[in-house]
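The lines below spell out each chain.
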Amino acid sequence: MKRKHFLGMIFLFVITTACMKYQIMHEVKAQSSTDGASPLELYSLAWSDEFDSSELDTSKWKYRIGISGTSFQRGENVEFEDGKLRINLLTEPYGGMPYTGGGIITTFPTRYGYYEVSAKMSSKQGWHEAFWTSWMSGFDDQNPDYEGMDKLEIDCFEHYAEYDEHSFTYGAIEWYPVKGSVSRDYKTVSENLANSYNTFGFEFTPDYLNYFFNGKLLKTVDTREVPHHDFYLWLSGIAKAQQITDSGAVFFDYFRYYEISPANYEVRKAPFITYL
């Protein structure tokens, strides 16, 4: 009798946990926004770049320059076209590398909040597009304070060089003191990521990390025992293959950053803490 009662309790726990996960995944989600209004409940817009200008806003961004992968990243590869940021991915030799890419990096760090971009990938294989974070403001950033510092990288999305137009990955990497993936997931979607703009977002908090695609919550990750620090935002496209036959481009329609007050965060975090 006790064994049946115990099994019944386990079954109830499993069902309750599954229902809780379903509720979080389907009720607590981001809503696509075209006017800058907060896509997440209780958040408000802190700053954004709609990329409507004809040149880079250097109060917010700097160019990603230098060698990564099999390409040299150049500021000249970043353009503005019809209200979009365009990063050209070119099969041209430069700086001792066979290809060129590019990107932009925020000029000031942030930490907690919700971050979102609308992006369209290149349809050409061999190129690696990404929206991610780093404790560094560039690979030339040799701040001595980074030595021995706990380090976390958040990858809101990565479109790997070998991926087709329906696949991307997202996750987080702890670089110090332990090196390894905090989380890593691979997503295949019905949307053609090279034919249309899609929204990618992440919510980083003291307790959890949420990933979103087109307004839908993909995953919640516990962050209570991973490094927490300020970071810079990177929007980039580089070459990651030895043989690339076609040039391409990755486009960003906007970047938006939202904040939440401490009081509102106490309300918002409750279902995620319960789930974790």
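1. Considering the overall build of the chain
Scanning the chain for helices and strands turns up 3 helices and 17 strands. For the chain, with 276 residues in total, the buried portion stands at 51%. Counting contacts in the chain only where the partners sit at least 6 residues apart, residues at least 24 apart contribute 72% of the total. Of the roughly 13400 Å² of accessible surface on the chain, a fraction of 52% belongs to carbon and sulfur atoms.

2. A few points about the pairing of strand β5 (residues 78-81)
Going residue by residue along β5, you find Val78 and Phe80 tucked away on one face and Glu79 and Glu81 left uncovered on the opposite face. The turn joining β5 and strand β6 (residues 84-89), which pair antiparallel and follow one another in sequence, is formed by 2 residues; a positive phi near 55° is taken by Asp82.

3. Concerning the confidence of the model for the chain
Considering every residue of the chain, the mean pLDDT works out to 90; 86% of them sit at 70 or more. Across residues 1-27, confidence stays below pLDDT 50; counting only partners more than four residues off in sequence or on other chains, it has 10 contacts.

4. What about the pattern of salt bridges?
As enumerated under the stated definition, the model contains 14 salt bridges in all. For Arg74, the salt bridge is made with Glu92, and the minimal N-O distance between the two is 3.7 Å. Taken together, the residues span a long stretch of sequence, with Arg74 in the loop between β4 (71-73) and β5 and Glu92 in the loop between β6 and β7 (99-106) at a distance of 18 residues. What makes Glu92 partly exposed here is its relative accessible area of 24%.

5. Some remarks on the side chain of Ser71
With respect to the element layout, Ser71 can be found in strand β4. For Ser71, a relative accessible area of 0% gives the class buried. A polar side-chain atom of Ser71 sits 3.0 Å from the main-chain amide nitrogen of Ala239. In contact with Ser71, not counting residues within four places along its chain, are Gly66, Met97, Tyr99, Thr100, Gly101, Ile238 and Ala239.

6. Remarks on the side chain of Thr223
Position of Thr223 among the secondary structure elements: in the loop between β15 (216-222) and β16 (232-239). Overall, the relative accessible area of 2% leaves Thr223 in the buried class. Beyond its immediate chain neighbours, meaning those up to four positions away, Thr223 contacts Phe204, Thr205, Pro206, Asp207, Tyr208, Leu209 and His228.

7. Some words on the nonpolar core
In terms of nonpolar packing, the biggest core is built from 45 residues, with Phe131, Phe200, Phe202, Phe252 and Phe255 touching the most fellow members. Leaving out residues up to four positions away in the same chain, Phe131 has contacts with Tyr115, Val117, Ile154, Asp155, Cys156, Phe157, Phe200, Phe202, Leu233, Trp234, Leu235 and Phe255. Counting 9 residues, the second largest nonpolar core, distinct from the first, contains Tyr43, Tyr114, Tyr208 and Tyr258.

8. Focus on the environment of Glu203
Following the sequence through the fold, Glu203 ends up in strand β13 (residues 198-204). Of the residues examined, Glu203 reaches a relative accessible area of 0% and is grouped as buried. Note: C-alpha distance between Glu203 and Tyr115 (88 residues apart in sequence) is 6.4 Å. Not counting chain neighbours up to four residues away, the residues in contact with Glu203 comprise Leu40, Tyr43, Gly113, Tyr114, Tyr208, Leu209, Asn210, Phe212 and Arg268. A polar atom in the side chain of Glu203 sits 2.7 Å from the side chain of Arg268.

Parameters and conventions
- Residues numbered from 1 in each chain as written.
- Predicted model: local features only at pLDDT ≥ 70, side-chain atom pairs only at ≥ 80, totals over all residues.
- Heavy atoms only, no water.
- Helix = DSSP H or I, 4+ residues; strand = E, 2+ residues; numbered from the N terminus.
- Buried < 20%, exposed > 50% of the residue type's maximum accessible area, 1.4 Å probe, protein only.
- Contact = heavy atoms within 4.5 Å.
- Areas by Shrake-Rupley, 256 points an atom, 1.4 Å probe, with all protein chains shown as cover.
- Pairing = 2+ DSSP bridges.
- pLDDT = per-residue confidence, 0-100.
- Salt bridge = Lys/Arg side-chain N within 4 Å of Asp/Glu carboxyl O.
- Polar contact = N/O pair within 3.5 Å; in protein donor to acceptor, adjacent residues only side chain to side chain.
- Core = buried A, V, L, I, M, F, W, Y, C linked by side-chain atoms within 4.5 Å.

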